[in-house]
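Letter by letter, the chains look like this.
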Amino acid sequence: MTRYLKYALAAFCAAYLLALAALAAFQRDVLFRPDALRADPAAAGLAEAQETTLKTRDGETLVSWRIPGDCGRPFILYFHGNGGALRDRVPRFRRFVEDRFGMLAVSYRGYGGSTGAPAQEGLFLDAETAYAEALRLGYAPERIVIMGESLGTGVAAHLAAAHPAAGLVLDSPYSSIADVAAERYAWAPVHYLARDPFRSDREIGKARAPVLMLHGENDSIIPIRLARRLFDLANEPKTFLSAPGRNHLALLDPGVYPRVRDWIEARAAGAGCEKADAGVPREALTKK
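Okay, so let's go over this structure.

Conventions and cut-offs
Residues numbered from 1 in each chain as written. Predicted model: local features only at pLDDT ≥ 70, side-chain atom pairs only at ≥ 80, totals over all residues. Heavy atoms only, no water. Helix = DSSP H or I, 4+ residues; strand = E, 2+ residues; numbered from the N terminus. Rg over C-alpha atoms; globule rule 2.2 N^0.38 Å. Buried < 20%, exposed > 50% of the residue type's maximum accessible area, 1.4 Å probe, protein only. Contact = heavy atoms within 4.5 Å. Areas by Shrake-Rupley, 256 points an atom, 1.4 Å probe, with all protein chains shown as cover. 1 Å grid on protein atoms, 1.4 Å probe; cavity = no way out; pocket = protein on both sides within 12 Å on 5 of 7 lines; lining within 4 Å. Points joined across faces, edges and corners; volume = space filled by probe spheres on them. Nonpolar A, V, L, I, M, F, W, Y, C, P; charged D, E, K, R; others polar. Phe/Tyr/Trp six-rings, centres within 6.5 Å; stacked < 30°, edge-to-face > 60°. Lys NZ or Arg CZ within 6 Å of the ring centre and 35° of its normal. Axes fitted to C-alpha atoms, helices over the stretch in contact; angles between N-to-C directions. Parallel < 35°, antiparallel > 145°, perpendicular 65-115°, else oblique. Left-handed = near helix turned anticlockwise from the far one by under 90°.

1. Digging into the overall build of the protein
(1) Moving on: Broken down by element type, the protein carries ten helices and ten strands.
(2) Moving on: Taking 19 Å as the expected radius of gyration for a compact globule of 288 residues, we find that the protein reaches 20 Å, a close match to that expectation.
(3) Moving on: Dimensions of the protein along its principal axes, counting C-alpha atoms only, are 85 × 35 × 30 Å.
(4) Moving on: Counting every position in the protein, which comprises 288 residues, the buried fraction comes to 53%.
(5) Moving on: Long-range contacts, defined here as pairs at least 24 residues apart, represent 74% of the contacts in the protein between residues at least 6 apart.
(6) Moving on: Summed over its atoms, the accessible surface of the protein is roughly 12,800 Å², and 56% of this surface lies on carbon and sulfur atoms.

Below, the structure written as C-alpha cells:
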C-alpha cells in the first residue's frame, strides 16, 4: 500500500508541476486576447473618429482613433481591456460623441492593426505615447481625463501615477492582475509566476488626479472586492460607484454613465478653446 501511495504522490506532484509550467508558459495567451485586424472607424459605426498612427519609443506603430472635442470640452485618453479591438468599444465612444467630448484611444501593440506583441511594459509605453500625443495636439493636462476599462485600468493607473490629469476614471479595476489570477487559479502561486502583474495597488497612491471607480456588484471576472481594495489605497478626492446587478464593465449601465459624465464635466470642462479644438467643424462632432 505504501508503494502505491508513493506512486500516487509522485504522479500528483508531476501533474502539478506540469500544470504550473503550462500556466507560466501560456499566461500571456490567457491574459491578452487581441483581435489583430485593423478596422476603419466609419465601417465600425463611428464616422466621427479619425484614424491616425503613432510611433512608440521602442519603434512600434500604434493605430489610434481620435474624436475632436468641442471647444472647452473634456478630452478622454481611453485604454481598452484585454480582448477584441477598438471597434468593440464603439457604443462607449458614441456616448463621448453625444456629449461632445474629445477622445484619443490607442490599439495596444498587437491589437487592431498595431505592430508588436502585448506585454505589461509595452502597454505602459503605448500609454505614454498616447499622453504625449494629447499634449502635442494642444490639450492641457487640466482637460485630459485618463480612462481605462478592465485590464486597461492598470494601464491608466500607471499613466496617472506619472503624469498630471484632470481625472482618472477606472471601469472594473483591480488591485493587481496577480490578485485576479489568484481568484481563478487558487491552486497556483500566481504572484510568483506573473510576468505581467499590473500592480495598480502600487500605482494608485502616486496618482494626484481625482479618482472615479465604477464596478458591477456581480462582476464574475474581476470581483468587486478587488476594486474596493484598490479604492482604499487611492488618494482623496475619490468616488466609488457600484452598479447593482451588473456583471463586468459598468460604464454603460443606465444608472452609472450619467453620473460619470457629470463627474468628468465638473473636473475637465473649460470655457476656452485650445489649438486642438480650433477650427473643428461643428457638424463633424454631431451624431450621425
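Next, the rest of the story.
2. Some points on unusual backbone geometry
(1) Moving on: Cis geometry is adopted by the peptide bond preceding Pro237, which originates at Glu236 and carries an omega value of -5 degrees.
(2) Moving on: Counting through the fold element by element, Pro237 comes out in the loop between helix 9 (224-233) and strand 10 (238-243).
(3) Moving on: In this structure, Arg100 is a non-glycine residue whose phi angle is positive, near 65 degrees.
(4) Moving on: Looking at the element boundaries, Arg100 is found in the loop between helix 3 (90-98) and strand 6 (102-106).
(5) Moving on: Assessed through its relative accessible area of 22%, Arg100 is described here as partly exposed.

3. Section: empty space enclosed by the protein
(1) Moving on: This structure, assessed with the given rule, holds two cavities of 30 Å³ or more.
(2) Moving on: In this structure, the largest cavity spans a volume of roughly 60 Å³.
(3) Moving on: Leu37, Arg38, Ala39, Glu51, Val63, Trp65, Ala85, Leu86, Arg87, Ser107 and Gly112 together form the lining of the largest cavity.
(4) Moving on: Broken down by class, the residue content of the lining of the largest cavity amounts to six nonpolar, two polar and three charged.

4. Thoughts on the packing of aromatic side chains
The way to describe two aromatic rings as a pair is by their centre distance and the angle between their planes.
(1) Moving on: One pass over the full model with this rule turns up eleven aromatic pairs.
(2) Moving on: Their ring planes at 85 degrees and their centres at 5.2 Å tell us that Tyr78 and Phe93 sit as a pair that is edge-to-face. Of this pair, Tyr78 sits in strand 4 (residues 75-79) while Phe93 sits in helix 3; the two residues are 15 residues apart in sequence, bridging distant segments of the chain. Like Phe93, Tyr78 is buried.
(3) Moving on: Measuring from centroid to centroid gives 5.4 Å for Phe231 and Phe240, while their planes differ by 75 degrees, and the two rings are edge-to-face.
(4) Moving on: Overall, Phe240 belongs to the buried group, its relative accessible area being 16%.
(5) Moving on: In this structure an aromatic cluster arises from ring pairing among Trp65, Tyr78, Phe93, Phe96 and Phe101.
(6) Moving on: Geometry around Phe231 places Lys238 over its ring, the cationic atom sitting 4.8 Å from the centre.

5. Things to note about the packing of helix 4 (residues 120-136) against helix 5 (residues 151-162)
(1) Moving on: Close contact between helix 4 and helix 5 brings their axes to 9 Å; oriented N to C, the two are set at 60 degrees. In terms of orientation, helix 4 lies oblique with respect to helix 5. In this structure, helix 4 crosses over helix 5, and the sense of that crossing is right-handed. Listed contacts from helix 5 to Leu123, Phe124, Ala127, Glu128 and Tyr131 of helix 4 are Leu151, Gly154, Val155, His158, Leu159 and Ala162.
(2) Moving on: The residue makeup of the contact of helix 4 with helix 5, split by class, is eight nonpolar, two polar and one charged.

6. Here's the deal with the packing of helix 6 (residues 177-184) against helix 9
(1) Moving on: In contact at an axis separation of 11 Å, helix 6 and helix 9 are set at 155 degrees when each is read in the N-to-C sense. As judged from the angle between their axes, helix 6 and helix 9 are roughly antiparallel. Of the two possible hands of crossing, helix 6 and helix 9 adopt the one that is right-handed. Note on element contacts: helix 9 touches helix 6 through Arg225, Leu226 and Arg229, opposite Asp179, Val180 and Glu183.
(2) Moving on: Across the contact of helix 6 with helix 9, the residue classes break down as two nonpolar, no polar and four charged.

Purely geometric stuff here, so don't read any function into it on its own.
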